[in-house]
Amino acid sequence: MSRSRDLGDVGSKANFLDNVSTDLGDYSGQSIPHIVPRYLHPAIEGKSYAGVDLKSLVTAGNYVWGDVYSGDNRRYFYTDIKGSRKILDARIGAHFGSQRHKFKSKQLLEQETATHGENVYSVDGRDWVRVVGPDWTEQNDTWGTGWYSPNNATTNSHFFEIVGYFSDANISGYASTTRDVSVTVDGGTPTTNTGLTASVGTPLDHRYVDAGSSINLGLNQTLGIHTLKIGNVNGDYCGVLFNVELIAQDTSNRNNIQIPSQNVVSYGKKFTVSAEGNSGHHFNPFNNQAIGNTTSHGKNTTGWTSYDSTLDTATSLGLDAWVDSGNYYRPVNGGRIVKWVDSSGNIKTSVNMMPPAGRHISGGGNNGLPTGTSWLTSYQPSFMAGAIDHSQAEVAKTFNWREFGNGNANAGPVTGSTGGSYKDFSMLYEFTATNCAFVMDDGLTSLTGNDVHIDTKDVHGDANGDGFYFTFIGTGITLMNKESSAGTDHLVQNLPYGAHIVKYFRSSGADPTLVVDGVTITCATGTYSSLNELTFYQPKKPPIPEEAVVLCDYMLMADFVPQTAHGGQYISKGTRMCTNARDIFVDRSSGAVTFNQDPGSVSTGFRVYPSTNAGSNTEFKVRLPAFATNYVVRGRYMNDRALLYIGNSTTTSTYDNNDAYGSYAHLTNDENLGIQNWGMNSKSGKQAILEAFCFATPTHTSSHYQSFETPFLHELVGGDRNMEQTNLVCSPDGKTWDQLTRDTTYLGDAVLQITEAGDAYADNTTVIFTDIRGTVGNRAMFNKKHFAIAYDRQICLISGTYVISPMSMTGSNNTGGHVARIYLNGSHVVSGYGTLSGYSTATNQVELYLNRGDYIQIKGLWHANSAVSSYRITKVRKD
């Protein structure tokens, strides 16, 4: 029995939790602080267990889904799936903004299937996301991983059902001709949403990544427990859906975090947290500190009492940097915020705020005082003198440069084009100068190379003026190279929280050119822009008491300041970037669309545009919904070529008037905070070029670089992800919400499975594996976070014990010799051998302990037969 079913089937526990809201006894035996989740019971077709029509009560305003129904003292959610069981209540911790949930696999639920009469599946092991229908086709192909229903099915015969705490939602699906979906909330009247219907196929296809376009459903619900049903429309497919984004915002009070009433165990005692939304907890605890006085420094002379009354200065970091000569200044560079429950049951706020000025590798800069920058107009980071200080930072993620790729599975389609191979860093080889680009699944983190080549382990610019752009979200970055005595270089730290662009190019001297968000920094590293690993940093968690339960842990974005200079090295302050390589919806009513790679001109690597001049202002459009107040569009010659839109309406905007890449445009005035369908159209007679959207979103998750495991990959989740409940501890033994609500027993221990369609017929020939993604024969290819693909080798990224298992055979020429030989760090480990008579199959296997940086190679005879040849690596003890 799965973990989620164990919890869901304990009725006595559910009833106990439904009736303990006044029980404030001693819980000292439960040593781990945690939230105590409740249960929601299924109201199948809107009816209670006793057959009471709760749906009619909701319509009449006499009941609210998720509340206690007085008839039986249970809380209910709506469902159309017969045989449904109770689920854990999603109202835990605090909620604000958008949170993305990926759809990557399905698992048959036998009990629900038997009762409902059609196949019912759990989506990725979750009991609150299910899919129904008899004829789903799974596909792991050029457009990513997902499944779809037949196009001749009747309306809603195949559907997704999602239960959550939200007021609106976005979905990401494959956009194409006639991709309408049926949308229903809480069993209401279905409506047809045409958002995924496009006149052209999505330009995100043919790259073996999720070719999903995000669209807003426009649900306009009161924030609460809702059931969202997304089904097929008569005569059309249902799917492929790649994720859902649930939006939790009370639009009557847009800027306040919502904290539903809930039970928690903090300091060994049980407390009931009262519902708080309209009454307080603005997303920014410093919002009542004005900025924009005559000095533009946000000075305040009344002391800390001007800040949020819940602010706990004893457990906060970085506040002293915003005090000068007895004057207090509003922190405008963002940071990390944690809300927790103290020993008296009160909600407290602890922060780690980024200072007015960061520090960089050369140690130069100003005095770092809050009066050193004009905060209303300065979009670039300021730096202070002194050595880099890591005391406010923690590692968010370390990437090997080889991870920026998917085995060159980037063929491009686009309408009217056969496409070509878009080179990435995974298959870069030898000393040939190559342009490379790759954007991670989050749509934000990217590495582009202009004429770069490798020297054994590192990659660097081929000649003067060649090198890299890399983008990330966080507050600092460290580079490591292995072919130079310089080793590890801490480049910058304590940047304003948001997305950043780093330019790292080879120069005429020994030292590279380093530019961070357009600020040039002396970088005397002598590495010729050599790169092996990238480490991104973020503000570390404030030192709250270990006995305290956490309600939310999120990043506050730096105050938004739009850029005023054009160029690939610049970015607006306090934004989340989304490149054109993920999530965008593109449509052209007449003509084709081009998506191509251009690392030499575009800092984010890719661009999308109409293949010919647009015939009108509405012929070509790009849209992307986001939880934001403003956005910056990056492209080329924005004033001449582009128009900014929200939905179908033009906007009053500020445009850069330079015929160059890295040109920008943004709204002249902010919108109200909320989900908007932000976009760009091409002007009539022009080719508008999109590089990226940069959203002025107020908050962001504190776990951006936490991946989501699927049967095939570990994927960065992406999206706004303003606040996440998945990481909150919800059980006395320390399990998180995600662990309690997701059964992951369907995931195996294999971390790599690849093959090669070509023959190798020499004992010492290294097999170059090029089938990395998609399906070969009837087998899915994949590589997870444990190994990086590196042309002629596979590099270990997580130390541990692995079983290496290649299998192949001799060729039709009956050549005897070594088959699928295993090499570790260039040294032979074990071989298979083929005879001279007929075909010979060799299956090798060896168990090895590998350290990070060790690499495996397969050499010898290899036959291009997908039914025979395969190469798999399995982790002995899965993390």
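Residues numbered from 1 in each chain as written. Predicted model: local features only at pLDDT ≥ 70, side-chain atom pairs only at ≥ 80, totals over all residues. Heavy atoms only, no water.

A. Main features of the overall build of the protein chain. Each helix and strand counted, the protein chain has six helices and 66 strands in total. Here the C-alpha atoms of the protein chain give a radius of gyration of 28 Å, agreeing with the 29 Å that 2.2 N^0.38 yields for 879 residues. Each principal axis of the C-alpha atoms in the protein chain carries an extent, and together these give about 80 × 70 × 65 Å. Per-residue burial over the protein chain gives 63% buried out of 879 residues. (Helix = DSSP H or I, 4+ residues; strand = E, 2+ residues; numbered from the N terminus. Rg over C-alpha atoms; globule rule 2.2 N^0.38 Å. Buried < 20%, exposed > 50% of the residue type's maximum accessible area, 1.4 Å probe, protein only.)

B. Layout of unusual backbone geometry. Even without glycine at this site, Asn 156 takes up a positive phi of about 65 degrees. If you trace the backbone, Asn 156 turns up in the loop between strand E11 (144–148) and strand E12 (159–166). According to the relative accessible area criterion, Asn 156 is buried, its value standing at 14%. If you check the backbone angles, Asp 451 has positive phi at about 50 degrees while not being a glycine.

C. Structural detail: the sheet that holds strand E17 (residues 224–232). Here we have seven strands laid out as an open sheet, ordered E7-E8-E9-E12-E17-E14-E15, and antiparallel in their pairing. Edge positions in the open sheet fall to strand E7 (106–108) and strand E15 (191–193), since each of these has one partner strand only. Pairs of neighbouring strands in the sheet enclose a mean axial angle of 35 degrees, with direction left out of account. As judged from the four bridges shared by strand E9 (residues 126–132) and E12, these two strands associate in the antiparallel manner. The partner of Val 132 across the bridge, within E12, is Phe 159. (Pairing = 2+ DSSP bridges. Axes fitted to C-alpha atoms, helices over the stretch in contact; angles between N-to-C directions.)

D. Expanded view of the packing of aromatic side chains. For the coordinates displayed, the defined rule picks out 34 aromatic pairs. Ring centres of Phe 103 and Phe 160 lie 5.4 Å apart, and the angle between their planes is 15 degrees; on these two criteria the pair is classed as stacked. Placement of the pair is Phe 103 in the loop between strand E6 (97–102) and E7 and Phe 160 in strand E12, with a sequence separation of 57 residues. Residue Phe 160 is classed as buried on the basis of its relative accessible area of 0%. An angle of 65 degrees between the planes, with centres 6.4 Å apart, marks the rings of Tyr 379 and Tyr 570 as edge-to-face. Pair noted here: Tyr 379 is in the loop between strand E26 (359–360) and strand E27 (393–400) and Tyr 570 is in the loop between strand E38 (549–556) and strand E39 (576–579), with a separation of 191 residues, a long-range link. There is no split in this pair, since Tyr 379 and Tyr 570 are both buried. An aromatic cluster of three or more residues is present, and its members are Phe 399, Phe 404, Phe 472, Phe 536 and Tyr 705. Across the ring face of Tyr 823, the terminal group of Lys 859 is positioned such that the distance to the ring centre comes to 4.4 Å. Cation over ring: Lys 875 sits above Tyr 802, and NZ or CZ is 5.5 Å from the ring centre. (Phe/Tyr/Trp six-rings, centres within 6.5 Å; stacked < 30°, edge-to-face > 60°. Lys NZ or Arg CZ within 6 Å of the ring centre and 35° of its normal.)

E. Representation of the pairing of strand E2 (residues 39–44) within the structure. Among the six residues in E2, five count as buried, and that is most of the element. When E2 meets strand E5 (residues 87–88), the two strands line up antiparallel, connected through two bridges. The residue of E5 that forms the bridge with Tyr 39 is Leu 88. Sheet topology places E2 next to strand E4 (residues 74–79); four bridges connect them, and they run parallel. Within the sheet, the bridge partner assigned to Ile 44 lies in E4 and is Thr 79.

F. Broad picture of the nonpolar core. If you look at the biggest cluster of nonpolar residues, it comprises 49 residues, and the most contacted ones within it are Leu 447, Phe 468, Phe 470, Ile 477, Leu 534 and Tyr 705. In this structure, Leu 534 is in contact with Lys 397, Thr 398, Phe 399, Phe 404, Leu 447, Phe 470, Ile 477, Thr 478 and Leu 479, ignoring residues within four places of it in sequence. Judged by nonpolar contacts, the second largest core, of 45 residues, contains Val 338, Ile 347, Tyr 554 and Cys 730. (Core = buried A, V, L, I, M, F, W, Y, C linked by side-chain atoms within 4.5 Å. Contact = heavy atoms within 4.5 Å.)

G. Region of the structure containing empty space enclosed by the protein. Inspection of the entire model under this criterion finds six cavities of 30 Å³ or more. If you list the elements that add at least two residues to the lining of the largest cavity, you get E27, strand E53 (714–716) and strand E58 (787–790). Ranked by residue count, the leading element in the lining of the largest cavity is E58, at three residues. The residue inventory of the lining of the largest cavity, partitioned by class, reads nine nonpolar, five polar and eight charged. Lining the second largest cavity are 24 residues, and of these Gly 144, Val 209, Asp 210, Asp 441 and Glu 715 lie nearest its centre. Listing elements by their share of the lining of the second largest cavity, those giving two or more residues are E6, strand E10 (137–141), E11 and strand E18 (241–248). Partitioning the lining of the second largest cavity into residue classes produces eight nonpolar, seven polar and nine charged. (1 Å grid on protein atoms, 1.4 Å probe; cavity = no way out; pocket = protein on both sides within 12 Å on 5 of 7 lines; lining within 4 Å. Points joined across faces, edges and corners; volume = space filled by probe spheres on them. Nonpolar A, V, L, I, M, F, W, Y, C, P; charged D, E, K, R; others polar.)

H. Quick look at the layout of surface pockets. Of the voids in this model, the largest pocket is the one considered here, and its volume is about 890 Å³. Forming the walls of the largest pocket are 42 residues, and the residues nearest its centre are Gln 706, Phe 708, Thr 726, Asp 738 and Arg 742. Those elements that place two or more of their residues in the lining of the largest pocket are E5, E6, E9, E12, E18, strand E52 (707–709) and helix H6 (737–741).

I. Here's a closer look at the sheet that holds strand E65 (residues 855–859). The strand order across the open sheet formed by five strands is E58-E59-E65-E61-E62, and the pairing between neighbours is antiparallel. The outermost strands of the open sheet, each flanked by one partner alone, are E58 and strand E62 (827–834). Neighbour-to-neighbour, the strand axes of this sheet turn through a mean angle of 20 degrees, independent of strand direction. Where strand E61 (residues 817–824) meets E62, six bridges bridge the pair, whose relative direction is antiparallel. Among the inter-strand pairings, Gly 817 is bridged to a residue of E62, identified as Gly 834.

J. Representation of the environment of Thr 874. With respect to the secondary-structure elements, Thr 874 resides in strand E66 (residues 870–875). Since its relative accessible area comes to 22%, Thr 874 is described here as partly exposed. Leaving out residues up to four positions away in the same chain, Thr 874 has contacts with Asp 749, Ala 750, Val 751, Thr 801, Tyr 802 and Val 803.

K. Quick peek at the pattern of salt bridges. This structure, assessed with the given rule, holds 30 salt bridges. Measuring nitrogen to oxygen at the nearest pair gives 2.7 Å for the salt bridge that ties Arg 852 to Glu 533. Here Glu 533 lies in strand E37 (residues 533–539) and Arg 852 lies in the loop between strand E64 (846–850) and E65, a separation of 319 residues in the sequence. The partly exposed category is assigned to Arg 852, whose relative accessible area is 32%. The partner of Arg 793 in a salt bridge is Asp 792, and the shortest N-O contact between them spans 2.9 Å. When its relative accessible area of 18% is taken as the criterion, Asp 792 is described as buried. It is possible to trace a salt-bridge network through shared partners that takes in Lys 102, Lys 104, Asp 210 and Glu 715. (Salt bridge = Lys/Arg side-chain N within 4 Å of Asp/Glu carboxyl O.)

L. How the structure looks around the pairing of E17. Among the nine residues that make up E17, nine are buried, leaving the element largely enclosed by the rest of the structure. Bridge analysis of E12 against E17 gives eight bridges, and the strand direction is antiparallel. Among the inter-strand pairings, Gly 164 is bridged to a residue of E17, identified as His 226. Both strand E14 (residues 181–185) and E17 contribute to a ladder of five bridges, which runs antiparallel. Paired with Val 181 across the strands is Asn 232, a residue of E17.

M. Focus on the environment of Gly 832. In this structure, Gly 832 sits in strand E62. Beyond its immediate chain neighbours, meaning those up to four positions away, Gly 832 contacts Gly 817, His 818, Val 819, Ala 842 and Asn 844.

N. Expanded view of the side chain of Thr 726. Tracing the backbone shows Thr 726 in the loop between E53 and H6. When its relative accessible area of 13% is taken as the criterion, Thr 726 is described as buried. Setting aside its immediate chain neighbours within four residues, Thr 726 contacts Gln 99, Thr 736, Trp 737 and Asp 738.

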